[in-house]
Structure formats: structure tokens, C-alpha cells
Amino acid sequence: MNALRRHRELERIWSSRPGWRGKLTTVNNNDIGLMFVFVATAYFVIGGILAMLIRSQLASPHSAFMGPDVYNQVFTMHGTIMMFLFAIPLFEGLTMHVLPRMLGTRDMAFPRLSAFGLWCYVFGGSILIFALLAGVAPDSGWFMYPPLASTLGSPGVNADFWLIGITFVEISAISAAVEIVTTVLLYRAPGMSLEKLPIFAWYMLVVAVMILTAFPPLILGSILLELERAFGMPFFQVAQGGDSLLWQHLFWIFAHPEVYIIFLPGAAVISTVLPVMARTTLLGYRWVVVATVALGILSFGLWVHHMFTTGLPHMGLAFFSAASTLVAVPTGIQIFAWIGTLWKGRPEMHLPMLWIVAFFATFVLGGLTGVMVAIVPFNWQTHDTYFIVAHFHYVLVGGFVFPMLAGLYYWLPHFTGRKRYFKTGETAFWLVVLGFHGTFLLLHWAGLLGMRRRIDTVEAGSGWELINLLASIGGFAMAIGFALVILDVAVNVAVSTRSRRNPWRAGTLEWAALSPSPSYNMASLPEIRSRYPLYDDPELPARIARGEGYLGEPRDGLRENLAVDISSGRPRCLVIFPTNSVLPIIMAAVTGGLFVGMLIKAYWLVPVSLVGMAVIATWWAWTLGSGEDQDPRPVGNGLVLPLASELKRPPGWWGSLFLLLADVVFMGSLLFGYAFLWTVAPNWPPPAYLKPGLLGPVLVLGGAALSIGGIRLAQRALRHDEKPWPGLLLNFAGLVSLGGAAATVLARTVHDAHAFDATLWVIAGYVIFHVIVAVLMTMFLTLRAVVGYLSSRRIGEANIVGLWSDYAAVVALLGLGAAWLPGAFT
Amino acid sequence: MSDILRISLPLTVWLASFSAVYGLQGIACSQHWAAAGLDVATARVALTAAWIAALAVQVAFVFVLGSPRFASRSLFVRTVSRILAAAGLVTTLWTLFPVVTTSVCI
Amino acid sequence: MLAGCTESLSIVHPAGSAAEVIATLWWVMLIGATAIFLLVTVLLVLSFRRGEQPSGPEADARRERIWIQGFGLAFSLIVLAALTGYGLYVGERLLPRPGPDVVTVRAEGARWQWRFTYDDAPGRTTLGVLHIPARRQVDVQITTVDVIHSFWAPRLGGKLDAIPGHVNVLRIEADTPGDYAGVSAEFNGRGYTGHRFIVRAHDDAGWDAFLRGETL
């Protein structure tokens, strides 16, 4: 088969359907990545318009044209859109598009999950934009502190839009994160060991793990606040044993890592693009890996620096101040690694390099003011002033937006296959960068003069009128610059001439694929021997196209890919990927029904949606696997590999494991909240602690034994090619018993009496939710066994169900144990 | 996967011990501590002991990740994990030293 | 007296020892940050003017030692350790430790006013104006009746939040008698921008007069 025939055949197998129907059913990483980027850009424009409204309002004492009610919605939505609807989806889209080719694989790990995440993002974001257009947007600030954001301060529906809409969008972040981790660990070109991973992949691995561990506390907090607003469960109300500080802890445990989740992809782009612009390779690759991992984990120990003024004792503040200064060390290692790389090479001032220089000028300044506000006494003065506003715009715009623009111009020839013709990009650059500094540099000083954030007017005689006027002018210049960037990209994509592949002469694998990328990404998967495969072998693109790598012969119309060993990159199994499907968008719509039901208080929609989701999930999972044992298949170059469905731990098992990581953090946050309220909240102890009694503990202990034992019995039976019915039945009985134990907690407490009862309801509800999930999975497994989809080789599904069943037992033991603990000892 | 664990374990354990010490400080300054008949001096002793325990665990990681039995077969992973173990030790020292230098409950 | 005074809320125009210590900290940090920023800028600019560079593993090892271990690790750790220590030292000095001469007042935040009461003048309440003696350490016990607020008189000290169910104590001090502007510094809704108060520091005689009920 020659290269052209191979290309046509692969394209036929991997492409999406044509037209808008294709967009709705696509599971292809390139399509979905591009859609994420388009939608994120649209949200950026909306957020930018809101910023212009703010700057117009604050330009002078006489320019205020919005009353406080409208202004409060405008600034809240500006922050909310930028932090939730723009930054993460933008780099998710970039990653989905380019990472598979960079890793030398055919697609992301779970294509239908990618699509599901996209549609959750589109639908969830639309809910928020609807609120904005309808004039009922959230208006309590993007961090929504109760009591202001609870029923006391925000009786209307505005806050519910935030809590519900954002939680819906977060599903998208979690699903993308599960995918990115699984893709980086399992799906690479053969021979790509951890040491040879492109540095971009290391960054995205860390970022994805951070998303899995940072988002659950926010999801928990949002659920608690919504439960308080909708059903009176008093988590944050002091009179009934709640505490508004609990929200602040949960929120900032999420939001501090969030800003590093946003910065690290920017750093990933710098680490990738800067060496190419300097005609060399990255200095200190292993140190950059060290710094990235360190930054990722350290960032979880900083959160209280957003709470330095809440009255916590100095020792507590000191821990977080020290951690917040220490985090500048891994940041500094990266900065100096990059400068050292420039010194090592011969930097050329192409447009991506211009944006990188802008990054240095801006982010370093933001990092320096960040270290300043990590110092407690200084923070006591500058917290909630424009000094902070200036600081975070410097680090977010400097550390994320500018690098993303560098990446945009770097990969543009790769996405489009065209060379940039018009030089509008350079003009746009100067407008944006000069406009940005014009806007925000002097605002530091306004903060030091006492200008608070979130005020709706600049009063005459305040002392910061001139600064604000200049800032507004700068803001408009910057906005024009951004508009020009969008125009520049659109025009160049439309009319430029076709260019040669790899105009920057980079060494990473994505440049070996066709530009623009075909749906199948790589015609064959090459054997990798170093970090820069294209420097080793300039002929590589041709050899890949000629099918000289693995999987070069498309067969049976199947979407085939290889999974590798995590450490060494040795190929382990052949994976057959699903094709275009309408299930993801339908699943996203049904999931939306749950959220909309909560929002409009049509609570019957919630169980209906849950049932719908269970049905679709069953159908979704059913399409995988096969009814018979399959022989290992040849994958090219003489190698023969088993199918993924015949591995003890198929990719889906790993995906479940990482999803469970997020789930564990959620549970941990719930137990933390419980411990926090018990320790710190006023009006404890509650009128009565729940006594464990006899029934509950018996049900939970017996249930755990039955379910843990039962699933193992079933797995053992399958391993010996016997029928798993006894084990599955025991597992089912055990799970039901666990659910019963949780039900006793619900029966003996009143959800809105005290924060203690409310917390126990959430714990019991969480246990019941996992029991139901595990029960449904056990029933699914039973059906699969009946129909012949399981065997001693095809045991992966049973192992996946084992994960979830064991988890249900563990959370029941821990959670219900914690619920009964105070009552047992008093 | 074990290579990933070698790389991520020291600082993850730091995060757990950091949170535990912070939690202990919260309990020590709450009504429950006084209700149990304990005072501020005892709190400082308890916090310092927790810090020393956390340091000891980090020192253990530094040795374990370099020892032939537990170290990775890949030189790259060995180097990266040992640097991160050292980082875990420095981080524990740096972020928790206030247990001995700072007022406990004001 | 306050209208038109552009320094009235300024952190860099301190009027009491607490605010002074923080202002000094700011100037020190500004000088340090500027120096570091200039260093990084110079290193960046110079990187564009270099000719052909030595290559190979030895050259790279040397570069790693200079850039990563030297600048990235050693330089960063030394500067940050010094700054962290300085910051914690300053923080310790600002804490509201008990003392014989400390005056205690109470500030209750509400949407959208401040209500002040005085331990030394039981039953006395003022709205919008907090009376304190100059040249003495004052502890402000901060509470709220509804949402989270924050008590902030920048020229006299840092800010501290009013959290429902908690009493937070802030130490402020005014060097000279006079009026000092204060604002609520935690967003609390529609009336946030105008949610202000004044701290009126009296000399000894004036404070006695206030306590006796002779001043409004």
C-alpha cells in the first residue's frame, strides 16, 4: 500500500461525518480540540467586553453608567468567565489537538469522553451566559463567599446559576483530566520512555493530576452551598453550627492550585517553543521536570494565603506564608532554565519569540509582587485592593495569555499548513503588550493608595482618578490588540499560501505529521529513540507516511492504536477505538437536565436525569469488549500484541483509577469539612450526636465483608472460567446492606437542624450514591457474563467493577464510621 | 506506575504532614484543647514533635529512593526522584519551622 | 478635611507605628524586587547578543550548574529565606498581645454602616466614627451582624475581617491626634463602595472628655 492509499484508507476510517452532523457526533481529537479553542475564544471575547464595561465605568468619577446591581454582575461574570470558561478549556483544546501527535499516538485515550466533556462545557457555559443576558447573573464576586452568596445576602436565583452552571462545566475539566493522564501514561509511540517524553507532556501530566485533586473541594463546596440555599442545610450558617470560613477553605484549596493549573500550560508552551526559537534544546530537562512536579504539589499548600485577613492565628498564617515564598523556587528554576537555554542557543525574534519576551517582562513582575503579598503584614494592607488585582492580572495574562499566543503563532503553520502572510500580528502584539502594562502597572499604585477592589465608582478626590483614566485608555488599546490578533489569525488561515512542513525546524513528533493534521494523526507509529525524533532522523515524516512504523496497515475498517508500558514505553497491547457516536452529546444533554432541574427547582428532573444517565452509560459501555476470546494480532514490524480487552488492567481500568483519585479527594474534603466544623465552628456540639445503635454498624460491617468478598469470589471464578453468579450475588447483597446502613443515618437525623446533621446527610448521600453506582455496575457485569462477554482472559471489566465496588465499601466504612464517632464516645 | 510513585511520593507525603500539622495547630487553639486540660506549652511540644516526625519521614525517603532495593532502574527517574526527595526534606523544614518561632494561638 | 486628601487611605503614608512598620517593609521589598527584575532583564537582553556557543555534555553540565543550581536554586533560596524571616518577624510584632495600657474598643459591621462601642465607656455607642486615644495601643474587636465585612484604616494598620460567629482582634495605633479614613474592605453587596467610617484619635484630654460623654 503506498502512502497516498494509506492516507485515504486511514482518513476514511478515522474521519468524522461531514457537515454539522459530523460536529455533533465527532469523537476525533482534532475536531474536539478545535471546538474547545473556538468556544473558549468566544468566551474570552465576552469576558473581554465585560472588562471594557468595567474600565469604562471606572475611567473617571463621571463615567459611571451602571448602577451597583448591574456592575456587581459585570465584574463577577468577568472573573467567572475568565477563570472557568476561558483558561482551562483553551489549553484543553490545544492539548487535545496537539498532544497525541506529539506523543506519536493516534488519538486521546477516551474519545467519546472528550466529546462528552466538550458538550458539558458548551451547555454549562451557555447556562451562565443565559443568566448574563437575562440580567440574573451571579453578583457576589467570582469567589462567592457566604453569607453574601447564600440565602441571607443573595436571595435571588443569581448565585444558583453560578453554583449549578460552574459545577456542570467542571465535569468537562475532570473528564479532560482523566483523559490527559491516561493518554500521557499509556498512549505513546513505542520506545518513548518517561525520560524521552516531550516536556509539554510532563507539564500536562502534572496539570491533569492537579485538576483531579483541586476541583473536588470546589465541587463539594458548591454542592454544600446549593444544598444550603435550596434546602436550608446550614453548612455555613453560624446559628446552626455552620461557619462561613468552611467555604473559604474549600474554595481556596481549589482556587490556589487552579491558578497554577492555568500557569503551568503556559510554562509548557514556553518550554516547548523557546528552545526551538533559540535553535537549541531545553537546558536542564530533568530539573524542569523536577520543578514542574514540585510546583504542582507545593501549590496545594498555599491556599490560606488568600485568607490572611480572616483572623487565623499567626502560626497558621506563617506556615502558608513560608510555603508561598518557597513556591517561587521551582518557578525560578524554570525561569533561569529558560534564560540559560537562550544563552545556550541563538535566539531568533520571530513572532512567537516576541510573545515569549512579553511573557518574561510581565510574568516575572507578577511573580515578584506575588512574593510580596505572600508576606503576611504586607498582605494585611494590600488584600482586597487593586494591588492584588494588578498582581493577578500580571501573572495570569503574563503567565498564561502571552504564552498561549506564542503557542498559537508557533503551531499555526502546523494546524493550518499555511505560512503567515500579513504582519498584522506584530501590530497586535505591541497594542496588547503596551496596552496591558498601560492598564495594570499603575493600578499597583492605586492599590497602595487604598483603592479597594470591586468598588463600583472612582470618587472625585480619592487620589486615583488619573491612574484609572490611564488604565482605561490602556485597556481599550489592549482590547483593540486582542481583536486584531483574532482578525490576524482568521485572515491568515483563510488566505495565506501553503507552507513547507516544520518551518521552525523543531524536533518533536507533531511536526512529522501532515499539516493540517489528518483525522488519524499519524499514518504509522514510529519507534522512538530520543527526545527529539526529528533531529535524529530528518527522514522520519516520509517513513511514517510510508507505513514503516507500527499499525501502518489499516485493516477491517478499525480505529487501531497502541498502548505502552508506563515507564519504558514498550508496546503492551492493541486498542480498538470507538467511532463517531451521538451518545456523548445526548449524555451531556441528559446530564444538563439534572442541573437545570436543580436550577429551576423542578426537582423531579433530577432522578429522571439520573436514570437516563445510567441507561446511556450502560449502552456506552456495552459497545466495548467482545463476545469471544481474541488471538493476539500483528501490529507491524513483526510484533504481535494482545487486545486491550484481554488485559487485567485495560486503559479503562486506569481511567477509573484516576477518576477515583478525584473521588477520594472529594471524600477527603468532606471529612475535612466535618472535622473543621467540629473543631472551629461556633454553636457545637449539636443538640444531640447520632448514636450508632446496633443496626447501622452491623449492616455496614456485614455489607463491607460481603461486597469485598463477593467481588473477589466472582473475579476468582472468572479466572478459572467458572460462572461468577455466587460472587456477584454476594457483592450485590453486600452493597445493598451498605446502602441500608447509610439509610439508617438519614432516618435518624434531620437534614436542616444543625450543621452536624446536614454533614451526616451529605456523607450518607455520598455513600448511597456510590452504592448505587456499584450496584448498577454489578448488574452490568452480570448481564455481560450471561451474554458471554467475560472469560478468564476478558476479565478487565470485572476488575474495573471491583475498583468501584471496593470503593463503595471503603467510603461506607470510613464515612459512616465518622458519622457515628462522636455519638459513640459521648 | 511505580516510577510515577517514586517521583510523586516525597512531596505528597509533605502535603499530608503539612496539613496534619496545620490541623493540629487548629485543634490546639480550639476550645477542645483547653477542655481536655491541655495548654499552649503542651501545644508547642506536640507541634514540634509532629514536625520532627515529618522531617524523619522525609529523611527516610531520601535514603530509600537512593537505595538499590527501592531505586528505579532508570537513571533519569532515579535522579528526578532523589532531587524531589531532597526537595521534600527542604520543604518540610522551610514550611513548618514556624512551630518553634511563632506565637501559637494569636 | 478628608475630601480631597489623596493620602487618606494610603498605605504608604502611615500615621501609626503598625502602619509604619508595614510601609518600611514595602519599600524594602520594592527595592529588592526592582533589583531582581533588572537582573533578569539584563540577562535576557544579553542572551540575544551572543555569538556561537560551545555545545556538548560538558558545556551543558556547566550551564546547569550556573543557571539552575546557581541562579535558580541558590539565589532564590537565599533571597526568599531572608524575606520570609523578615516577614514573620514583622508579623509577630504586630500581634495584639495583652498589655496593661491597651484600650479595647468594638467594631460591629453591618450592611452598610459601622457601630462602635467602648470597653472604657460602657453603654456608649457611636455610628460611623470610632474614637480612640492617640499614642496608645488600641485593640479593635471586630464582629458582624450579617455578612463578612472587613475593618481597614490603612494609615493605622492592616485590615481584619468581620466573620459571622467570630470575634477578630486588630491592633491599631495612631501617632498623632486627628481623623483617619477607614473603609470596609470585603465586598458585601450594593452599598459596598460607600461603606466607610472615620477613626478619630484624641489627645489625652480629648479622650478623657470622650469617655465622660462630653464629646459627640
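Per chain, residue numbering runs from 1 following the sequence as it is written. Going through the entries in the order they are written, you letter the chains from A and number the ligands from 1. Note on the predicted model: pLDDT of at least 70 is required for a residue's local features to be given, and 80 or more for side-chain atom pairs to be given and counted; whole-chain, interface and lining totals, by contrast, use all residues. By convention in this description, side-chain values take in all heavy atoms of the structure and omit both hydrogens and water.

This next bit is on the overall build of chain B. Strands are runs of DSSP state E lasting at least 2 residues, helices are runs of H or I lasting at least 4, and numbering of each runs from the N terminus. For chain B, the count of helices and strands is five helices and zero strands. Overall, chain B shows an N-to-C arrangement of helices and strands of α-α-α-α-α. For chain B, whose C-alpha radius of gyration is 17 Å, the value lies well above the compact-globule estimate of 13 Å for 106 residues. Over its C-alpha atoms, taken along the principal directions, chain B stretches across nearly 55 × 25 × 20 Å. The reference for a compact globule is 2.2 Å times residues^0.38; the radius of gyration itself is calculated from the C-alpha atoms.

Before going further, it helps to spend a moment on the interface of chain A and chain C. The interface is formed by 83 residues belonging to chain A together with 76 residues belonging to chain C. Summed over both partners, the accessible area (1.4 Å probe) lost when two parts come together is defined as the buried area. Summing both sides of the interface, chain A and chain C together bury roughly 6800 Å²; the carbon and sulfur share of this comes to 70%. Considering only the side of chain A, the residues that lose the most area to chain C are A:Trp343, A:Gln381 and A:Arg452, jointly responsible for 13% of the buried surface there. Throughout this description, the term salt bridge denotes a Lys or Arg side-chain nitrogen within 4 Å of a carboxyl oxygen of Asp or Glu. The interface formed by chain A and chain C includes four salt bridges. Between N or O atoms, a polar contact is any pair within 3.5 Å; within protein, one atom must be a potential hydrogen donor and the other a potential acceptor, and residues adjacent in sequence are included only when both atoms are from side chains. Where chain A touches chain C, the interface holds 21 residue pairs in polar contact (both at pLDDT 80 or more). Secondary-structure elements contributing two or more residues to the side of chain A that touches chain C are helix H4 (68-103), helix H8 (244-277), helix H9 (285-298), helix H10 (314-326), helix H11 (328-344), helix H12 (351-373), helix H13 (376-382) and helix H15 (424-448) of chain A. Note on contacts: a residue pair qualifies if any of its non-hydrogen atoms lie within 4.5 Å across the two residues.

Turning to the environment of A:Glu797, a few remarks are in order. Of note, A:Glu797 is situated in helix H25 (residues 796-825). Counting along the chain gives 144 residues from A:Glu797 to A:Trp653, while the straight-line C-alpha distance between them is 7.9 Å.

What follows concerns the domain arrangement of chain A. Bear in mind that the domain bounds are from an automatic or database domain assignment. Assigned domains within chain A: domain 1 (347-499) and domain 2 (685-824). A C-alpha centroid distance of 51 Å is found between domain 1 of chain A and domain 2 of chain A.

What follows is about the interface of chain B and chain A. Often, the extent of an interface is quoted as the loss of accessible area upon association of its parts. Listed as interface residues are 38 residues of chain B and, on the opposing side, 38 residues of chain A. Between chain B and chain A, roughly 3200 Å² of surface is buried when both sides are summed, and carbon and sulfur atoms account for 81% of that area. Looking at the side of chain B facing chain A, the largest losses of area belong to B:Met1, B:Tyr22 and B:Phe76, adding up to 22% of the total buried there. Where chain B packs against chain A, one counts zero salt bridges. The tally of links from chain B across to chain A stands at six residue pairs in polar contact (both at pLDDT 80 or more). For the side of chain B that touches chain A, the secondary-structure elements that each account for two or more residues are helix H1 (2-28), helix H2 (31-35), helix H3 (40-66), helix H4 (75-96) and helix H5 (98-101) of chain B. Here the side of chain B that touches chain A gets 14 residues from one element, more than from any other, and that element is H1(B).

Here the focus is the state of the cysteines. Residue and element names in this part refer to chain B. In plain terms, two cysteine sulfur atoms within 2.5 Å form what is called a disulfide here. Summed over all chains, the structure comprises one disulfide over all chains. Across a sulfur-sulfur distance of 2.0 Å, Cys29 and Cys105 are joined as a disulfide pair. Every disulfide takes its handedness from the sign of the S-S torsion; for Cys29 and Cys105 that torsion is -90°, giving left-handed. Of this pair, Cys29 sits in the loop between H1 and H2 while Cys105 sits in the segment after H5, and the two are 76 residues apart along the sequence.

A few words now on the packing of aromatic side chains. Working definition: a ring pair exists when centres of Phe, Tyr or Trp rings (six-membered ring for Trp) sit within 6.5 Å. Plane angles under 30 degrees give stacked, over 60 give edge-to-face, the rest tilted. The full count for this structure, using the stated rule, is 80 aromatic pairs over all chains. With a centroid separation of 6.3 Å and an interplanar angle of 55°, the aromatic rings of A:Trp14 and A:Phe577 are classed as tilted. In this pair, A:Trp14 is assigned in helix H1 (residues 3-14) and A:Phe577 in strand S2 (residues 571-577), connecting sequence segments 563 residues apart. Look at A:Phe263 and A:Phe363: their rings are 4.3 Å apart centre to centre, the planes differ by 5°, and that puts the pair in the stacked class. Of the two residues, A:Phe263 is situated in helix H8 and A:Phe363 in helix H12; the sequence distance between them amounts to 100 residues. An aromatic cluster of at least three residues, connected via ring pairs, comprises A:Phe84, A:Trp142, A:Phe143, A:Tyr145, A:Trp162, A:Phe215, A:Phe235, A:Phe236, A:Trp247, A:Phe251, A:Trp252 and A:Phe254. Remark: a charge is flagged as sitting over a ring if the NZ atom of Lys or the CZ atom of Arg is within 6 Å of the ring centre and within 35 degrees of the ring normal. When the ring centre of A:Tyr285 is taken as reference, the NZ or CZ atom of A:Arg531 above it lies at 3.3 Å. Of note, C:Lys159 hangs over the ring of C:Trp152, and the distance from its end group to the ring centre comes to 3.9 Å.

Residues and elements named next belong to chain A. We place a 1 Å grid over just the protein atoms. Points where a 1.4 Å probe fits but has no way out form a cavity, open points with protein on both sides within 12 Å along at least 5 of 7 lines form a pocket, and any residue with an atom within 4 Å of a point lines it. Grid points are joined across faces, edges and corners, and a volume is the space filled by probe spheres set on the points. In this structure the tally under the stated criterion is six cavities of 30 Å³ or more. The computed volume of the largest cavity comes to approximately 160 Å³. Lining the largest cavity are 18 residues, with Ile199, Ser271, Thr272, Thr508 and Tyr532 sitting closest to its centre. Mapped onto the lining of the largest cavity, the elements with two or more residues apiece are helix H7 (199-231) and H8. Tallying contributions element by element places H8 first for the lining of the largest cavity, with four residues. Here the nonpolar group is Ala, Val, Leu, Ile, Met, Phe, Trp, Tyr, Cys and Pro; Asp, Glu, Lys and Arg are the charged ones; every other residue, Gly included, is treated as polar. Taken together, the residues that form the lining of the largest cavity break down as eleven nonpolar, six polar and one charged. Computed from the structure, the second largest cavity encloses a volume of approximately 70 Å³. Those elements that provide at least two residues to the lining of the second largest cavity are H4 and helix H6 (158-186). The element best represented in the lining of the second largest cavity is H4, accounting for five residues. Residue classes in the lining of the second largest cavity are distributed as seven nonpolar, one polar and three charged.

Residues and elements named next belong to chain C. In this analysis, strands are considered paired if DSSP registers two or more bridges between them. With respect to topology, five strands assemble into an open sheet ordered S3-S2-S1-S5-S8, the strand pairing being mixed. Each edge of the sheet is formed by a strand with only one pairing partner; in this case those strands are strand S3 (121-127) and strand S8 (168-172). Put simply, the sheet's adjacent strands are angled 25° from each other on average, direction ignored. Note that strand S1 (residues 103-110) and strand S2 (residues 113-118) share six bridges and pair antiparallel. Within the sheet, the bridge partner assigned to Val105 lies in S2 and is Tyr118. For helices, the fitted axis covers only the stretch in contact; all axes are lines through C-alpha atoms, and the angles between them, taken along N-to-C directions, range from 0 to 180 degrees. In the packing of helix H3 (residues 204-211) onto the sheet, the strands contacted are S1, S2 and S3, and the crossing angle to S3 comes to about 100°.

Structurally, C:Asp179 can be placed in strand S9 (residues 178-184). Within the structure, the side chain of C:Asp179 is placed 2.7 Å from the side chain of C:Arg200, a separation counted as a polar contact.

Attention now moves to a positive patch on the surface. A patch consists of residues whose relative accessible area exceeds 30% and which take part in no salt bridge; residues with like charges are grouped when within 9 Å of each other, and nonpolar side chains (Val, Leu, Ile, Met, Phe, Trp, Tyr) when within 5 Å. Accessible surface is estimated by sampling points in the Shrake-Rupley manner with a 1.4 Å probe; for residues, cover comes only from the protein chains shown. Residues scored as positive are Lys and Arg, those scored as negative are Asp and Glu, and His as well as the terminal groups of each chain are ignored. Positions of charges follow a simple convention, taking NZ of Lys, CZ of Arg, CG of Asp or CD of Glu. A cluster of basic residues, A:Arg572, A:Lys648, A:Arg649, A:Arg716 and A:Arg719, forms a positive patch at the surface. Mapping A:Arg649 onto the fold places it in the loop between strand S4 (639-641) and helix H21 (651-680).

Our focus in this paragraph is the sheet that holds S9(C). All names here are of chain C. Read from one edge to the other, the open sheet built from five strands follows the order S4-S10-S9-S6-S7, with strand pairing classed as mixed. Strands at the two margins of the open sheet, each flanked by one partner only, are strand S4 (129-133) and strand S7 (160-162). Taken over all neighbouring pairs, the strand axes of this sheet differ in orientation by 30° on average, direction set aside.

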